[in-house]
Amino acid sequence: MDQTFYIQWHMTNSCNLRCSHCYQDDFTTDNDLDWLDLKKVSDHILMALQGWTRKACIHLTGGEPLLKPELFPLLDYLNQQPRVEELGIITNGLLLDREMVKNLQAFGKLKKIKISLDGGDAETNDSIRPVGTFQKVMKNLPLVNEGGRFEVILMFTVMKRNYKNLPALIRLGQDLRVGGVIIERFIPWGRGKAIQGEVLERDHWRELVEGLYDFFSVEPEEAGTRPYQAFQVAFQGTEPELMGASCVLGEDGVCIMPEGIVFPCRRFPFPIGNLLEDSLKTVWERSEILPRVRDRQNLKGKCGSCDQADCTGCRSLAYSLTGDFFAEDPHCLYTPNPWSC
């Protein structure tokens, strides 16, 4: 059975926040598509899925997606498509009032609401996001969680100023009875370039990973997270579970920008096509860069000789910090077997 194809669709650059680590530096609606063009992009996605006989999980985000007037028509259209398996929203959580939540509940395939939160307390979160953001999210989050209609996931971007606060965020997630926490590294693009010094050093990343192992009382090999570039903590079972979050770059997913441009990943801002002009299948299959980043022979440093079959390092981090997406992953903690190649 074919794997799910993952799409993160940034519908708009417009946002009601100006977070210091944001990968955007444009917050206008200048590149936003109207409904007819959004439908055209949707149809170019659906055409590819039909050709591949695959289904998709599509997350709509921004900017702030709840500011986009066409959000609900697009949700309605995608919700009716057999090739769309699941829908999600990634939001800063500030506009999730009772009426908004009720309107979102109308779409059966909308399963996940992911809310950005960068600390387990106001002091930490609001040192990255505007002051007052933490309390507003705390006020709105119970409305989304009510009745268990949605799986609520907290999205944590880890950097120097907040990585030690991760255990507090995990405990907060448990207390709030959300579905889990996703932990992603800060990669400096857009506004984030001004605070590039906040990118974790390798030793910080090691400290965070080892702290996670200690928090969950697991051995590294037992955790099975070595090849992963991010982590997810799931709270659905009787005990919290630590999982590795796979990178889909060049394998099973893309990012779509407001004007229809396709990136391999939002943190890998390298245009490979435009869905106003071509089917996703055409963009994917004609891309020259996707097969190159999938081929370990093109990778440099220890990433090129690594014996971990399911890992090619974080191409986005290498690209952002060195300008070379084939460079060695600056955070890699693994020492390859010298006899593996």
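Whatever comes next refers back to the structure up there.
Residues numbered from 1 in each chain as written. Predicted model: local features only at pLDDT ≥ 70, side-chain atom pairs only at ≥ 80, totals over all residues. Heavy atoms only, no water.

Take the overall build of the protein next. Across its full length, the protein carries 11 helices and 11 strands. Over its C-alpha atoms the protein spans a radius of gyration of 19 Å, differing by no more than 12% from the 20 Å that the globule rule assigns to 341 residues. If you line up the protein on its principal axes, its C-alpha atoms span 55 × 45 × 40 Å. Roughly 15,300 Å² of accessible area belongs to the protein as shown, and the carbon and sulfur atoms make up 47% of that amount. (Helix = DSSP H or I, 4+ residues; strand = E, 2+ residues; numbered from the N terminus. Rg over C-alpha atoms; globule rule 2.2 N^0.38 Å. Areas by Shrake-Rupley, 256 points an atom, 1.4 Å probe, with all protein chains shown as cover.)

Of all the 7 residues making up strand β4 (residues 110–116), 6 are buried; the element is thus mostly covered by neighbouring parts of the structure. Bridge analysis of strand β3 (residues 84–91) against β4 gives 5 bridges, and the strand direction is parallel. Its bridge partner lying in β4, Ile 89 is registered against Ile 113. Read as a crossover between parallel neighbours, the route from β3 over helix α3 (residues 98–104) to β4 is right-handed. Pairing between β4 and strand β5 (residues 151–158): 5 bridges, direction parallel. Looking across to β5, one finds that Ile 115 is bridged to Leu 154. (Buried < 20%, exposed > 50% of the residue type's maximum accessible area, 1.4 Å probe, protein only. Pairing = 2+ DSSP bridges. Right-handed = clockwise from strand over helix to strand, strands pointing away.)

The next thing to look at is helix α2 (residues 71–79). Along α2, the positions that sit buried rather than exposed are Leu 71, Leu 74, Leu 75, Tyr 77, Leu 78 and Asn 79. Along its buried surface, α2 packs onto β1 (5–10), α1 (35–52), β2 (56–61), β3, α3 and β4. (Contact = heavy atoms within 4.5 Å.)

Looking now at the packing of aromatic side chains. Inspection of every chain in the model, using the stated rule, returns 14 aromatic pairs. Above the face of the Phe 27 ring, Arg 18 is positioned so that its terminal group lies 4.2 Å from the ring centre. Stacked on the ring of Trp 205, the Lys or Arg Arg 185 has its end atom at 4.6 Å from the ring centre. (Phe/Tyr/Trp six-rings, centres within 6.5 Å; stacked < 30°, edge-to-face > 60°. Lys NZ or Arg CZ within 6 Å of the ring centre and 35° of its normal.)

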